[in-house]
Number of protein chains: 2
Amino acid sequence: MPAYTLNADLAATAAPPVPLARAWAATFPGKATHAEARELPLLNLAQGVPGHLPSEALLARMQQEAGREPAAAAGYGGVFGAPELRKALAADVRQRYGGDCAEDDVAITAGANLAAAVAFQAVARRGDAVVLPTPWYFNHEMTLSSLGVHAVPLPTEAPSYLPSPAALRKLLASRRSDSAPAIRALALVTPNNPTGAIYPPELLREFASLCREESIALILDETYRDFLLDDAKEPARPHGLFEDADWRDTLMHIHSYSKAYAIPGHRLGALIASPELLAAEGEFGPVAKALDNLQICPPRTDTQRAVAWAMQAPEHVSWRLNKARELAERRTLFYELMRPLEELGWRVESAGAYYAYVAHPWSGTPSEVVAEQLAARVGVVVLPGAFFSPRGSTEDAAQRLRVSIANVDEELLRTLPQRLQLLKGVHLQ
Amino acid sequence: MPAYTLNADLAATAAPPVPLARAWAATFPGKATHAEARELPLLNLAQGVPGHLPSEALLARMQQEAGREPAAAAGYGGVFGAPELRKALAADVRQRYGGDCAEDDVAITAGANLAAAVAFQAVARRGDAVVLPTPWYFNHEMTLSSLGVHAVPLPTEAPSYLPSPAALRKLLASRRSDSAPAIRALALVTPNNPTGAIYPPELLREFASLCREESIALILDETYRDFLLDDAKEPARPHGLFEDADWRDTLMHIHSYSKAYAIPGHRLGALIASPELLAAEGEFGPVAKALDNLQICPPRTDTQRAVAWAMQAPEHVSWRLNKARELAERRTLFYELMRPLEELGWRVESAGAYYAYVAHPWSGTPSEVVAEQLAARVGVVVLPGAFFSPRGSTEDAAQRLRVSIANVDEELLRTLPQRLQLLKGVHLQ
């Protein structure tokens, strides 16, 4: 037992949900309560992680890049990452969103969570506040909590789970009158984790205007944007904010390579923001300082170069699009599989990109208990809604589960209904 | 210009020195003031970075590991890293230091800076304080500053640059009486950056006892410990603290793979600390929470497995030892090269492992100006002493420069005296 004092903010920070779900998964089939369930493989729908491997082409390219200059790649890189990748991402933003984005706006980070952490740190310190729609992405809330920054909930509801600009305006006004902590930013995740909700471009524009008006930052986490398709199953434009000439005054955009490129272990994400936050003409902005402390440089310059290639190579662009289409089909299948379970009290509230947000039948039983029991009894691993909401305010969240439909193939997913059927009438506690 | 408010703690945090030195280096030979200097290559003695490549054997092993399961390696790993590497590091500590260390004590991090950041965060939050001997390692001070944690200087002096337990005791007592921020930890770097000072085992033991008595953590950054040789040029034991049965109550140890394995770009370091800080029996400690936010998992599981091999493989153990011996010879050469310059006012104050701490002849000229001018005029890139000391208290630091002697080969290092000779009698400002 340490003889020194621990940081109370970290003590008060929630436990990481994904390792916890991993621990629950380990109880199956040992604690399975139904013989039929014991025969089935584990159905892990908890972590938002690609169920497929990276493309053969990207793996080959990474090998090639690693072999090209293995010794050089072992050295330090720039604090904002490989120039090739910064350029490729800026070009991708121009092409996908329209508008203006340049290498100087891009900081490559060791994963999108680190991008979010430095975005939060750039604007908020202990005692400040950041608004998060609830249900929220747990690592956002945990990062804020670990820094002693208040996460102020902006509730959203079924069926749309869209946050309301009017509600934000009211919230900001109500806090101006009392001596509440200063709100420094609004952080949105679209497509959303956990609800899968996709925020319409007009809604994002409204939030951007409101943030600008209120002089707070809009932190937009678009980790899942490659899975955004239009009705013709072609890539959809997520929003037009980059077309505003002054987007850098308000917007900080978070990008991830973990899901769309299926390389979470390589730790690559990015923060796109005003060069003033990064490094302009020899001056070092807050993001440069934070990243110099936390990453020095993002890992694996060979991966960065390979990914810079993959962002533009037609064969890999179509690989990503195909994965997005497969996922869209799996989402449709998921809805179909769940529909007959409505009579048992199951209901898909919302779904998009990687996630579905689902109401379970055990009203009154906390979602953590339901999630733990689902894993142990029938080998279905999901995350409890409570992990995405403020402690205490569990009324709605207690009734819901986050299902990550990207992890598993169609065949395995088809075993879901029979497992849930096994729990018909079972009392969980 | 962002329309939102920036974090004042990060605004007050110093600029990253290494990118700044890179900018100075870029002014050579364009701004060289001596024709002879213009003919010479750049002599970069600024960043603490290996001047040699990783071993062929390690490069081959990394390629092999990357090829073995490239797809699997692309997935998420555990928050504390690959089990192979955690085990290998624990075994290495038992073998090198004696005493007890197990896999559960080890968290692999995306670089040693991140290990330091989470160690600081585990015990201190905004308004708390951590003691750093001065001159300090700038990223330690920057990390604390970015978190709003006070870095309390514990001054050290030539020729030993060893911190004094009596001075620390006095400092702690003086702060108890007033309402100063609570001191949560003492962070030491040995072999030291920037002075190269090597803290004797007995001194470290005294500090450990004092920290335990005062209920504060002892954070021991031993990034350069593989360069620690005894008189027979065999590996020296850095200290015996791991032999204390209760070391986990006080000690947090930081390890780096960047220097000893010459793979800084791969971002691998480690924090060794009480399992209570990591994750004990399903409970998540503060370090687990912080790392889940900042790294999720350390990058490149293939590198981790290759390094786990390299820690123990005899051919690679001897490669590391040879590099340490070469560096010891270069240190001797550096002393020899600098001796004739004493008549010009140059003096090597202290040197060990990677670094030498050197007094320059321009009294009254700030060390930043001297460093910038050395780069521009004669292509010698070093870091100013001021970067390692509190702002304002520059009397001593203004007179000193940190020289990283690991970066360059012997032949290039031999060009140092003639360059410094060129500046004889030159007035720098």
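Remember, it's a predicted structure, so these values are computed and weren't measured experimentally. (Residues numbered from 1 in each chain as written. Chains lettered and ligands numbered in written order. Predicted model: local features only at pLDDT ≥ 70, side-chain atom pairs only at ≥ 80, totals over all residues. Heavy atoms only, no water.)

1. Some words on the pattern of salt bridges
Residue and element names in this part refer to chain A. Following the criterion strictly, the structure yields 40 salt bridges over all chains and no others. Close ionic contact of Glu-234 with Arg-325 constitutes a salt bridge, the shortest N to O distance being 2.9 Å. Residue Glu-234 is located in the loop between strand E6 (217–221) and strand E7 (251–256), and its partner Arg-325 is located in helix H13 (residues 314–338); the two are separated by 91 residues in the primary sequence. Residue classification places Arg-325 among the partly exposed positions, given a relative accessible area of 24%. Between Glu-410 and Arg-414 there is a salt bridge, with the nearest N and O atoms lying 3.1 Å from each other. Look at the salt bridges and you will find they share partners, linking Asp-92, Arg-96, Arg-225, Asp-226 and Arg-320 into a network. (Salt bridge = Lys/Arg side-chain N within 4 Å of Asp/Glu carboxyl O. Helix = DSSP H or I, 4+ residues; strand = E, 2+ residues; numbered from the N terminus. Buried < 20%, exposed > 50% of the residue type's maximum accessible area, 1.4 Å probe, protein only.)

2. Describing the sheet that holds strand E12 (residues 355–359) of chain B
All names here are of chain B. Strand order in the open sheet formed by four strands is E11-E12-E15-E14, with antiparallel pairing between adjacent strands. Either end of the sheet is taken by a strand with one partner, and the two such strands are strand E11 (347–352) and strand E14 (383–384). Here five bridges tie E11 to E12, and the two strands are oriented antiparallel to one another. When the bridges of E12 are listed, Arg-347 appears paired with Ala-359. Docked against the sheet, helix H13 (residues 314–338) engages E11, E12 and strand E15 (400–404), running at close to 180° with respect to E11. Where helix H14 (residues 367–378) meets the sheet, its contacts fall on E14 and E15, and the angle it forms with E15 comes to roughly 45°. (Pairing = 2+ DSSP bridges. Contact = heavy atoms within 4.5 Å. Axes fitted to C-alpha atoms, helices over the stretch in contact; angles between N-to-C directions.)

3. As for helix H8 (residues 138–146) of chain A
Among the nine residues that make up H8 of chain A, nine are buried, leaving the element largely enclosed by the rest of the structure. The positive-phi residue at the C-terminal boundary of H8 of chain A is Gly-148 of chain A, with phi of around 75°.

4. Let's talk about the interface of chain B and chain A
Contact with chain B, which involves 85 residues of that partner, is made by 85 residues of chain A. Across the interface of chain B and chain A, roughly 7,000 Å² is buried in total on both sides, 57% from carbon and sulfur atoms. Summed over the three residues of chain B that lose the most area to chain A, namely Tyr-4, Tyr-76 and Asn-293 of chain B, the buried surface amounts to 11% of that side. Taken together, chain B and chain A are joined by two salt bridges. The tally of links from chain B across to chain A stands at 16 residue pairs in polar contact (both at pLDDT 80 or more). If you list the elements that add at least two residues to the side of chain B that touches chain A, you get helix H1 (8–11), helix H2 (17–25), helix H4 (56–68), helix H5 (70–73), helix H7 (112–123), helix H8 (138–146) and helix H11 (286–294) of chain B. The biggest single contributor to the side of chain B that touches chain A is H11 of chain B, with seven residues. A per-class count over the side of chain B that touches chain A returns 47 nonpolar, 24 polar and 14 charged. (Buried area = accessible area lost by both parts, 1.4 Å probe. Polar contact = N/O pair within 3.5 Å; in protein donor to acceptor, adjacent residues only side chain to side chain. Nonpolar A, V, L, I, M, F, W, Y, C, P; charged D, E, K, R; others polar.)

5. Quick word on the packing of aromatic side chains
Residue and element names in this part refer to chain A. Counted by the stated rule, this structure contains 22 aromatic pairs over all chains. Seen from their ring centres, Phe-138 and Phe-388 are 5.2 Å apart, and the 55° between their planes marks the pair as tilted. Here Phe-138, found in helix H8, pairs with Phe-388, found in the loop between strand E14 (383–384) and strand E15 (400–404); they are 250 residues apart in sequence, far enough to count as distant. Considered together, Phe-138 and Phe-388 belong to a single accessibility category, that of buried residues. Aromatic pair Tyr-161 and Tyr-357: ring centres 5.3 Å apart, planes at 90°, arrangement edge-to-face. Of the two residues, Tyr-161 sits in the loop between strand E4 (150–155) and helix H9 (165–177) while Tyr-357 sits in strand E12 (residues 355–359), which places them 196 residues apart along the sequence. Taking relative accessible area as the criterion, Tyr-161 reaches 1% and is therefore assigned buried. Joined through ring pairs, the aromatic side chains of Tyr-224, Phe-227, Tyr-354 and Tyr-355 make up one cluster. (Phe/Tyr/Trp six-rings, centres within 6.5 Å; stacked < 30°, edge-to-face > 60°.)

6. Quick notes on the domain arrangement of chain A
Residues and elements named next belong to chain A. When the domains of chain A are assigned, the result is domain 1 (8–53 + 318–422) and domain 2 (68–313). When each unit is reduced to the centre of its C-alpha atoms, the spacing between domain 1 and domain 2 is 26 Å. The partner domain 2 presents 39 residues to the 38 residues of domain 1 that form the contact. Carbon and sulfur atoms supply 62% of the area that domain 1 and domain 2 bury against each other, a total of about 3,000 Å² over both sides. It is Asp-9, Arg-320 and Phe-388 in domain 1 that bury the most area against domain 2; as a group they hold 22% of the surface buried on that side. On inspection of domain 1 and its partner domain 2, the count reaches three salt bridges. On the surface where domain 1 and domain 2 come into contact, there are 13 residue pairs in polar contact (both at pLDDT 80 or more). Counting residues per element, the side of domain 1 that touches domain 2 draws most heavily on H13, which supplies seven residues. Looking at the side of domain 1 that touches domain 2, its residues break down into 25 nonpolar, six polar and seven charged. (Domains from an automatic or database assignment.)

7. Quick notes on the layout of surface pockets
Of the voids in this model, the largest pocket is the one considered here, and its volume is about 750 Å³. For the largest pocket, the lining is made up of 42 residues, of which Val-79 and Asp-292 of chain A together with Val-18, Pro-19 and Arg-22 of chain B are closest to its centre. Listing elements by their share of the lining of the largest pocket, those giving two or more residues are helix H6 (83–97), strand E9 (279–280) and helix H11 (286–294) of chain A together with H2, H7 and H8 of chain B. At five residues, the largest contribution of residues to the lining of the largest pocket is made by H2 of chain B. A breakdown of the residues in the lining of the largest pocket according to their chemical character gives 20 nonpolar, twelve polar and ten charged. Taken as a whole, the second largest pocket encloses approximately 470 Å³ of empty space. Lining of the second largest pocket is provided by 21 residues; of these, Ala-14, Glu-141, Ala-386, Ser-389 and Arg-391 of chain A occupy positions nearest its centre. (1 Å grid on protein atoms, 1.4 Å probe; cavity = no way out; pocket = protein on both sides within 12 Å on 5 of 7 lines; lining within 4 Å. Points joined across faces, edges and corners; volume = space filled by probe spheres on them.)

8. Observations concerning the relation of the copies chain B and chain A
By a simple turn and slide, chain B fits onto chain A: the slide is 0.0 Å along the axis, the RMSD is 0.0 Å, and the turn is 180°. Considering both components of the superposition, the chain copies are consistent with a two-fold axis. By residue overlap, the copies meet face to face through one surface: 100% of the interface positions of chain B are interface positions in chain A. (Least-squares fit on C-alpha atoms with pLDDT ≥ 70 in both.)

9. Observations regarding empty space enclosed by the protein
The full count for this structure, using the stated rule, is eleven cavities of 30 Å³ or more. Empty space within the second largest cavity amounts to approximately 160 Å³. Lining the second largest cavity are 16 residues, and of these Gln-121, Leu-147 and Leu-294 of chain A together with Gln-121 and Leu-294 of chain B sit closest to its centre. For the lining of the second largest cavity, the secondary structure elements donating two or more residues are helix H7 (112–123), H8 and H11 of chain A together with H7, H8 and H11 of chain B. Among the residues making up the lining of the second largest cavity, the classes are represented as eight nonpolar, eight polar and no charged.

10. Description of the side chain of Thr-195 of chain B
Residue and element names in this part refer to chain B. In this fold, Thr-195 is placed in the loop between strand E5 (183–189) and helix H10 (201–213). The class for Thr-195 is buried, based on a relative accessible area of 1%. A polar atom in the side chain of Thr-195 sits 3.0 Å from the side chain of Asn-192. From its side chain, Thr-195 meets the backbone nitrogen of Ala-197 in a polar contact 3.1 Å long. Thr-195 has contacts with Pro-135, Tyr-161, Ser-350, Ala-351, Gly-352, Tyr-355 and Tyr-357, leaving out every residue within four places of it along the chain.

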